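# Understanding the architecture of this molecule
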Number of protein chains: 2
Amino acid sequence: MEGPDVASISITIQIIMLVLTFITGHLLRRKKIMVIHEASAALILGVLAGLVVRASGEKGGFKDWMNFNNEFFFYFLLPPIIFESGWSLNLKPFFGNFGAICTFAFAGTLISTFGIGILMYLFGLFKWTYSMPFLVCLSFGALISATDPVTVLSIFHELGTDADLYAYVFGESVLNDAVAIVMYKTVLSFISGTVSNRGVLQAVSFFFITFVGSFSIGALAGVLSALLFKYGGFQDKRLGIIESCLVVLFPYLAYNVADALELSGIVSILFAGITMKYYTAPNLSSQAQKITTSFFQMLSKLSETFVFIYIGLGTFLDKQSWNRFGFTFFTIVSILIARTLNVYPMSALINRFRPESRKIHRNQQHALCFSGLRGAMAFALARQSVTDLPSGHGYVLLTATLLTIFFSVLLIGGMTSYALKLLRIECHGPEHEDTEIGERTSEEMEEIVQNQSEVKNKAKAKNTELTKTKDKISEKLRKFKSDTSFTTLNTKYLKPFLQADPRDDASEINQVQEQSQHFPRPPVSYEDEDNFSESTALLRNSQR
Amino acid sequence: MEGPDVASISITIQIIMLVLTFITGHLLRRKKIMVIHEASAALILGVLAGLVVRASGEKGGFKDWMNFNNEFFFYFLLPPIIFESGWSLNLKPFFGNFGAICTFAFAGTLISTFGIGILMYLFGLFKWTYSMPFLVCLSFGALISATDPVTVLSIFHELGTDADLYAYVFGESVLNDAVAIVMYKTVLSFISGTVSNRGVLQAVSFFFITFVGSFSIGALAGVLSALLFKYGGFQDKRLGIIESCLVVLFPYLAYNVADALELSGIVSILFAGITMKYYTAPNLSSQAQKITTSFFQMLSKLSETFVFIYIGLGTFLDKQSWNRFGFTFFTIVSILIARTLNVYPMSALINRFRPESRKIHRNQQHALCFSGLRGAMAFALARQSVTDLPSGHGYVLLTATLLTIFFSVLLIGGMTSYALKLLRIECHGPEHEDTEIGERTSEEMEEIVQNQSEVKNKAKAKNTELTKTKDKISEKLRKFKSDTSFTTLNTKYLKPFLQADPRDDASEINQVQEQSQHFPRPPVSYEDEDNFSESTALLRNSQR
């Protein structure tokens with residue numbers, strides 16, 4: 001009524017798509033169908049809706065409200081997804097494999113960019129497909145080398161792969177976005193002729209400034225929020241909502257400050273998530289811990305699902321260059337070759353520095369090679385290239401990128417579970433094995449309910465036990481870690497400075513929880529959070 | 001990095017404003033300062049930020065990202081606020097006073113529109129102030145008659161007034177927006193000359209269609225969601241997040257469908273909130289109940305706070321007609337007179353139909369007269385009037401509306417707590433009386449912690465007792481209600497059709513809870529939600 005009807009009709013259609021996607025996803029999980037993911041369903045539904053809108057003639061601004069909008073993606077959809085992944089990240093495999101992740105993200109993406117760029121240039125030179133200047137090919141190599149954290153999270157989280165593999169794949173996908181964006185910008189500056197040969201050195205230093213700067217801003221947001229909640233006097237259940245409102249503002253602050261300073265918002269908000277989970281979360285009331293965790297889980301799930309619908313909508317609403325299927329074919333070939341040239345040599349390099357027990361084994365390498373999924377990140381960059389690149393090359397790149405994403409999500413994504421099984425990678429089936437629950441008889445339910453109180457009591461006993469185990473483990477850890485410098489800095493100065501009670505150690509609690517679960521990211525379970533926050537609160541209170 | 005820096009700098013400033021507002025609000029509550037509200041603080045901070053942006057020359061599109069945007073307000077900020085108020089509404093005082101609320105909202109707004117319109121026309125005619133044609137005056141009367149639910153929620157919720165007064169004030173403010181919008185549109189159609197004298201009759205029927213249509217769409221969203229969660233097989237803790245994602249989509253669907261059909265999204269989402277709390281919530285898992293409740297509480301609190309910052313930002317970024325302070329003075333005079341002409345006669349009318357015990361007493365009438373707060377709703381309509389009205393009248397109306405909002409929020413809002421005390425309206429002081437908590441000594445905290453487990457056990461015992469009491473009360477209620485037709489329809493057909501267990505009655509549980517609390521809206525307490533959902537789950541399970 002108040003705005004133009006176009007807006008409300010567009011939003012209505014998008015919400016209906018979301019509802020249908022969630023219901024489809026729910027049915028797929030119940031029927032144990034793993035070839036089609038929720039992400040695939042979202043993509044297909046989006047395409048269909050976009051087709052209907054286009055068929056209706058795109059009258060009166062529907063395109064403005066329905067089509068993929070880079071700003072909406074970067075400022076609203078992406079931040080909660082990346083923050084949540086940082087907040088719920090299992091720190092041990094991530095930092096334990098940090099060197100390997102950086103190798104894949106930095107050197108790997110460099111190989112991928114040049115690999116794809118050179119191959120596409122050669123294919124063009126041989127007149128096998130659409131020909132572009134070398135620098136344009138290189139910019140394409142950069143933008144399409146960004147493996148997508150949203151797609152990776154969406155597909156690997158549902159499958160539940162082994163923790164190390166998940167850390168490689170997810171860590172690479174988050175960090176290489178920054179690399180891809182910086183590479184893309186550098187190549188652009190060469191195309192526009194604004195830099196001389198010194199540009200390469202500039203690019204390298206630019207990249208390190210970007211990475212270190214973004215990391216620092218994220219960590220600063222964590223430190224500031226930890227101090228606010230340590231001294232702010234919020235530790236009261238009844239202030240849970242206000243406390244939570246304040247907490248969720250800090251990651252957005254980190255993201256936008258980094259962005260405003262031309263750094264990487266993604267890297268910044270990821271490390272804000274990690275730092276805040278480690279230093280800020282233990283300073284919050286148990287209410288606020290629960291509320292913020294579920295708030296971000298929800299926001300992230302909604303954004304993640306919507307991203308695929310949004311890409312789908314863009315398919316027929318963006319101007320495309322459809323007669324380039326050959327180019328798409330060669331793009332996919334190049335990507336696969338470049339991925340091979342990235343994963344196996346880099347794995348060999350990493351393995352040279354690792355003891356036998358920690359080597360990336362053959363099957364993990366195959367899985368890594370398989371998991372270079374492309375998604376919204378590449379799509380957003382490709383849309384930007386339409387305005388950035390000369391002679392309409394951008395439209396060709398956009399169409400090729402879009403079709404590559406379809407190939408990634410529908411085909412590679414759909415095959416992932418089977419591939420992982422084939423490779424004998426630990427795979428727990430669809431999230432939470434909820435298949436039969438809807439069909440449980442009422443007697444079964446009654447039985448479950450009767451068992452519930454027993455289970456609760458046991459859980460409490462276990463919790464106390466876990467606290468004891470935790471103490472022992474942290475004691476051992478302290479001894480073990482005492483020789484590394486960051487740990488000393490952390491235990492002696494950072495934690496006492498930032499935490500209301502330095503013994504509230506999220507990572508240690510996580511480690512204890514790990515013993516009873518195989519999931520790389522803890523499944524979306526409120527009960528766990530309850531235990532977590534209860535034990536945290538218990539710990540904090542017991543010291544007062 | 002990815003978008004224009006303008007966007008990220010603007011968002012950064014807005015987030016910093018939000019952080020400062022929350023911290024200021026927290027300090028104000030701790031220091032028991034009640035003259036300045038969180039809303040006032042937000043407004044002032046917004047004005048200051050707007051001034052800085054303006055002083056910096058509004059370069060490069062900052063205005064686009066910082067200035068009040070009607071679409072962002074109507075499609076993103078408003079829906080969660082109104083839904084949350086419906087979801088957390090105490091049904092008894094609302095429906096118990098529904099006749100009175102409708103009288104104030106419908107007849108009262110009509111009186112207010114004509115009162116302000118005629119007075120402003122006369123003031124212009126006497127050359128006391130800026131003169132406008134009668135129909136323009138009437139359109140101003142309509143747009144400024146919308147008392148604002150956001151302002152009312154923000155100020156009255158913090159104060160905790162008596163339940164009936166809260167129901168009048170809040171109910172009126174939500175429903176009269178629809179009236180004001182329809183009146184405004186009708187007057188506009190007279191100005192543009194598209195309707196004949198039959199227009200009045202058209203307007204009346206148009207209004208009823210709008211109201212009934214919007215209500216139906218909201219109720220339909222409630223019914224559909226109730227059925228989805230009754231039969232969808234979601235009743236599993238581990239699906240809490242997906243369940244919650246689906247739940248929150250329905251109110252947005254109701255809002256946008258109503259909007260797309262040119263009905264009132266506000267009325268629709270309010271009734272979606274009420275229906276969904278009553279029929280859908282009991283069908284959800286206890287996890288999803290907690291998650292959705294806190295999700296909407298947070299989203300609503302963030303939006304509510306941001307609305308005032310947003311209005312403040314608009315002050316110096318919108319084109320204004322500043323040399324009209326006289327006009328503003330007469331506007332405020334007209335508003336006060338029209339409010340008096342609305343509240344006292346309507347109260348007298350309502351009291352004629354009420355028994356002695358239920359009459360709106362004198363002090364409540366004064367408080368009602370006092371509480372006609374204007375806010376974002378009037379602001380958004382005034383901004384629209386700039387394009388709607390001829391001869392630049394819109395700029396004068398916009399400035400007058402803005403200054404009236406300042407008067408409302410800063411002065412009337414600031415005086416509300418004292419006025420209510422003076423009128424001896426039950427007032428519990430600032431939300432949750434958290435003043436001393438931050439300063440508690442550690443010994444006190446220890447004591448509190450030790451008492452905690454005892455309290456928990458007592459709470460459980462009380463819960464069982466409450467369940468028994470609830471059964472008795474609902475038995476009595478059933479007998480008492482059996483003569484009214486909706487209750488019979490509800491108990492015999494609607495509840496068995498829509499609820500997994502028809503005994504899960506949110507309103508009855510609420511009534512039981514009421515016995516132990518005075519707050520009109522239950523305070524933002526997770527603990528209460530725990531009890532609520534626990535007892536609901538207990539009840540549901542015990543029947544299986």
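Residues numbered from 1 in each chain as written. Chains lettered and ligands numbered in written order. Predicted model: local features only at pLDDT ≥ 70, side-chain atom pairs only at ≥ 80, totals over all residues.

### Considerations on the overall build of chain A
- In terms of regular secondary structure, chain A is built from 21 helices and 0 strands.
- Expressed as a percentage of its 544 residues, the buried residues of chain A come to 52%.
- In chain A, once contacts between residues fewer than 6 apart in sequence are set aside, the share between residues at least 24 apart is 86%. (Helix = DSSP H or I, 4+ residues; strand = E, 2+ residues; numbered from the N terminus. Buried ≥ 20, exposed ≤ 12 C-beta atoms within 10 Å, placed from the backbone. Contact = placed C-beta atoms within 7 Å.)

### A few points about the confidence of the model for chain A
Residue and element names in this part refer to chain A.
- For chain A, per-residue confidence averages 76 on the pLDDT scale, and 76% of positions sit at 70 or higher.
- Of all secondary-structure elements in chain A, the lowest mean pLDDT belongs to helix H21 (residues 526–543), at 39, while helix H11 (residues 240–260) reaches the highest, 91.
- Within the model, the stretch residues 428–449 combines pLDDT values under 50 with 29 contacts to residues more than four positions away or in other chains.
- Note on residues 504–544: pLDDT is under 50 here. Beyond four places in sequence and across chains, it has 84 contacts.
- Interface confidence for the predicted complex, given as ipTM, is 0.76, next to a pTM of 0.77. (pLDDT = per-residue confidence, 0-100.)

### Observations regarding the environment of Ser88(B)
- Secondary-structure assignment places Ser88(B) in the loop between helix H4 (70–87) and helix H5 (91–96).
- Between the C-alpha atoms of Ser88(B) and Gly124(B), which are 36 residues apart in sequence, the distance is 44 Å.

### Brief notes about the nonpolar core
- Formed by 306 residues in total, the largest nonpolar core has its most connected members in Leu143(A), Ala254(A), Leu143(B) and Ala254(B).
- Beyond its immediate stretch of four places on either side in the chain, Ala254(B) contacts Ile217(B), Gly218(B), Ala221(B), Ser268(B), Ile269(B) and Ala272(B). (Core = buried A, V, L, I, M, F, W, Y, C linked by C-beta atoms within 7 Å.)

### Structural notes on helix H15 (residues 362–370) of chain B
- Looking at H15(B), one finds that the buried residues are Gln364(B), Gln365(B), Ala367(B), Leu368(B) and Phe370(B).
- Taken together, the buried residues of H15(B) touch helix H9 (163–191), helix H14 (325–352) and helix H17 (393–422) of chain B.

### Some thoughts on the packing of helix H6 (residues 98–125) of chain B against helix H7 (residues 134–144) of chain B
All names here are of chain B.
- Here H6 crosses H7 at 135°, and the two axes come no closer than 7 Å. Considering their axes alone, H6 and H7 lie oblique with respect to each other. The chirality of how H6 crosses H7 is right-handed. Note on element contacts: H7 touches H6 through Phe-134, Cys-137, Leu-138, Phe-140, Gly-141, Ala-142 and Ile-144, opposite Ser-112, Thr-113, Phe-114, Ile-116, Gly-117, Met-120 and Tyr-121. (Axes fitted to C-alpha atoms, helices over the stretch in contact; angles between N-to-C directions. Parallel < 35°, antiparallel > 145°, perpendicular 65-115°, else oblique. Left-handed = near helix turned anticlockwise from the far one by under 90°.)

### Remarks on helix H16 (residues 376–388) of chain B
Residue and element names in this part refer to chain B.
- Helix length check: H16 (13 residues) gives 18 Å between terminal C-alpha atoms against 18 Å at 1.5 Å per residue, within 8%.
- Among the 13 residues of H16, 10 are classified as buried, and the element is accordingly described as predominantly covered.
- Regarding H16, the residues found buried are Ala-376, Met-377, Ala-378, Phe-379, Ala-380, Leu-381, Ala-382, Arg-383, Ser-385 and Asp-388. (Expected span 1.5 Å × (residues − 1).)

### Digging into unusual backbone geometry
- Of note in this structure, Lys32(A) is not a glycine but carries a positive phi near 55°.
- The residue Lys32(A) is located in the loop between helix H1 (5–30) and helix H2 (38–55) in this model.
- Taking the number of C-beta atoms within 10 Å as the measure of exposure, Lys32(A) has 10 and is therefore exposed.
- Despite not being glycine, Lys127(B) has its phi angle at roughly 65°, a positive value.
- Topologically, Lys127(B) is positioned in the loop between H6 and H7.
- Taking the C-beta count within 10 Å as the criterion, Lys127(B) has 8 such neighbours and is therefore assigned exposed.

### A word on the environment of Asp177(B)
Residue and element names in this part refer to chain B.
- Within the fold, Asp-177 resides in helix H9.
- Here the alpha-carbon distance between Asp-177 and Ala-142, two residues 35 residues apart in the chain, equals 9.6 Å.
- If we ignore the near neighbours within four places in the chain, the residues touching Asp-177 are Ala-146, Pro-149, Ile-266 and Met-377.

### Focus on the packing of H4(B) against H16(B)
All names here are of chain B.
- Contact geometry for H4 and H16: axes closest at 10 Å, N-to-C directions at 145°. The handedness of the crossing between H4 and H16 is left-handed. Counting all contacts with H4, which are made through Asn-70, Phe-73 and Phe-74, the residues of H16 involved are Ala-376, Ala-380, Arg-383 and Gln-384.
- Among the residues making up the contact of H4 with H16, the classes are represented as 4 nonpolar, 2 polar and 1 charged. (Nonpolar A, V, L, I, M, F, W, Y, C, P; charged D, E, K, R; others polar.)

### Looking at the environment of Ser264(A)
- Looking at the element boundaries, Ser264(A) is found in the loop between H11 and helix H12 (265–280).
- By C-beta crowding, Ser264(A) is classed as buried, having 29 other C-beta atoms within 10 Å.

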